[in-house]
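Analysis of the macromolecular model
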Amino acid sequence: MNLLVTGGAGFIGSWYVRLIRRARPADSVVNLDALTYAGNMESLADLRDDAGHVFVKGDIRDTALVRTLIARHQVQAIVNFAAESHVDRSILSASPFIDTNVTGTLSLLEAARAGGVKRFLQVSTDEVYGSLGATGAFEETTPIAPRSPYSASKAAADHLVAAFHHTHGLDAVITRCSNNYGPHQFPEKLIPLMILNAFEGKPLPVYGDGLYVRDWIHVEDHCRAIDLVLRGGRAGEVYNIGAENECPNLDVVRAILRHTDRGEDLIRHVPDRPGHDRRYAMNAAKVRDELGWRPQHTFAAGLAATVDWYRSHPTWWERVRSGAYRDYYEQQYAERLRGVDPSKASPT
Ligand code: NAD
Ligand code: DAU
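My aim in this report is to walk through the structure given alongside it, one point at a time.

**Observations regarding the site of ligand 1**
Neighbouring ligand 1 are 28 residues; I12, D33, S85, Y150 and K154 lie closest to it. At 2.7 Å, a side-chain N or O of S85 approaches an oxygen atom of ligand 1. Surface burial for ligand 1 is 96%, taken as the share of its 840 Å² of free accessible area covered by protein chains. Going through the elements one at a time, α1 (11-23), β5 (119-125), α5 (149-168) and β7 (179-181) are the ones with two or more residues in the shell around ligand 1. Broken down by element, the shell around ligand 1 gets its largest block of residues, three residues, from β5.

**Considering the packing of helix α6 (residues 190-199) against helix α10 (residues 299-312)**
Relative placement of two packed helices is described by the angle separating their axes and the distance separating the axes. Packing of α6 against α10 leaves a shortest axis separation of 10 Å and a crossing angle of 55°. Classed by the angle they form, the pair α6 and α10 counts as oblique. Considering the relative orientation of α6 and α10, their crossing is right-handed. Here I191, P192, I195, L196 and F199 of α6 lie close against α10, whose contacting residues are F299, L303, T306, V307, Y310 and R311. Taken together, the residues that form the contact of α6 with α10 break down as nine nonpolar, one polar and one charged.

**What about empty space enclosed by the protein?**
One water molecule sets the probe size; rolling that probe over the atoms shows where empty space is left. On inspection of all chains with the given rule, the structure shows one cavity of 30 Å³ or more. Of the volumes computed, that of the largest cavity is approximately 40 Å³. What lines the largest cavity is D88, I91, L92, R273, P274, Q332, R336, D341, P342 and S343. At the level of elements, α3 (87-92) and α12 (324-337) are the ones that each hand at least two residues to the lining of the largest cavity.

**Section: the packing of aromatic side chains**
Considering all chains together, one arrives at 15 aromatic pairs under this definition. With a centroid separation of 5.3 Å and an interplanar angle of 45°, the aromatic rings of Y16 and F81 are classed as tilted. On the criterion of sequence distance, the pair formed by Y16 in helix α1 and F81 in the loop between β4 (77-80) and α3 is long-range, its members being 65 residues apart. For the pair Y16 and F81, one class covers both residues: buried. Ring pairs connect the aromatic residues Y37, F186, Y325, Y328, Y329 and Y333, which therefore count as one cluster. The residue whose ring lies beneath K286 is Y239, and the NZ or CZ to ring-centre distance is 4.8 Å.

Each value, and the rule that gives it
- Residues numbered from 1 in each chain as written.
- Chains lettered and ligands numbered in written order.
- Predicted model: local features only at pLDDT ≥ 70, side-chain atom pairs only at ≥ 80, totals over all residues.
- Heavy atoms only, no water.
- Near = heavy atom within 4 Å.
- Polar contact = N/O pair within 3.5 Å; in protein donor to acceptor, adjacent residues only side chain to side chain.
- Areas by Shrake-Rupley, 256 points an atom, 1.4 Å probe, with all protein chains shown as cover.
- Helix = DSSP H or I, 4+ residues; strand = E, 2+ residues; numbered from the N terminus.
- Axes fitted to C-alpha atoms, helices over the stretch in contact; angles between N-to-C directions.
- Parallel < 35°, antiparallel > 145°, perpendicular 65-115°, else oblique.
- Left-handed = near helix turned anticlockwise from the far one by under 90°.
- Contact = heavy atoms within 4.5 Å.
- Nonpolar A, V, L, I, M, F, W, Y, C, P; charged D, E, K, R; others polar.
- 1 Å grid on protein atoms, 1.4 Å probe; cavity = no way out; pocket = protein on both sides within 12 Å on 5 of 7 lines; lining within 4 Å.
- Points joined across faces, edges and corners; volume = space filled by probe spheres on them.
- Phe/Tyr/Trp six-rings, centres within 6.5 Å; stacked < 30°, edge-to-face > 60°.
- Buried < 20%, exposed > 50% of the residue type's maximum accessible area, 1.4 Å probe, protein only.
- Lys NZ or Arg CZ within 6 Å of the ring centre and 35° of its normal.

Below is the structure:
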């Protein structure tokens, strides 16, 4: 199969491209990525000389470019990872999220339809379902109820994908996954941010009471599930992906402190994320029962290996934390560590 993978220089996309090129060498990958702050060619360094991987720097909103790529490379399937992906950034400014996550997805759908693409897979998130109480889990039939600008933009994209399937007959599937972790994750997200701060003996900023629950999955397990859905999922269907690893944020942070030989004195409870979803949990029975997917990584072993990866790859994260990242960190955390919600702080 000839695949067009978008956002393949990001965290999950780069894992997916690598998985395909290793596990399915007969499949070729065109990787379209705009290389925003989150895109990183160093995450694809091992594919530099791989003739089956063609990297194209470009924007998914450029429909003409996407149509050209589909025709030139005889693309049979599109897997759309490209997105603005960080909730905190969507609170500071929502427009880039609408531009890429909504308008960008529409552009891909139009190009897919015009180019006769056989299958479109939209990589979505459990956050479109909103927030859970103390019990229960999201099912594919749970009503969509996004609560952050990020999740609203992802939900809008999911609706467009479903609309193109129902209205235009486009063969499309949607995957919705819980929180990913693993090597190459940009250090704005909880786990790499806490690991790097712990390495450097800096405060670990825990939002609110720290009892918010996320359902963690290793990025490789997510990518294997996506690939099964791409090849065997039923057109028009949604597939939840999750590894049943619910964990309060404070427990994740404490585990990281243990792996880095640091004490709990580094933990700082800081002003909460506005609109913070309390708990996510995924029921992934459908992808397990229909497609035989099973996660292969336990959270305990996966987290320890992830800490080790960041320990042994300082050049990867030192480079991504230079420049604009410093401004972002300052904007997001300087006021917070002084007790002020950054979305309410006066502009500097
Ligand atoms: P990421 O932020 O690490 O990577 C996003 C990639 O998209 C980057 O390489 C970036 O350069 C690229 N990109 C952004 N805007 C683009 C545009 N307009 N055109 C082309 N490329 C563009 O994100 P991630 O964490 O790897 O997430 C990938 C996808 O998975 C997203 O769609 C996200 O919503 C979804 N998802 C993420 C998680 C998670 O825990 N990280 C969980 C479930 C679903
Ligand atoms: O659930 C899937 C989603 O997971 C994906 O769709 C998103 O792309 C991805 O960013 C992630 O969203 P979260 O908001 O859950 O992830 P984040 O790593 O930002 O935060 C995880 C939890 O940790 C959340 O409850 C907020 C909290 N947190 C986060 C940061 C960055 C803190 O307490 N302190 C922090 O500094």
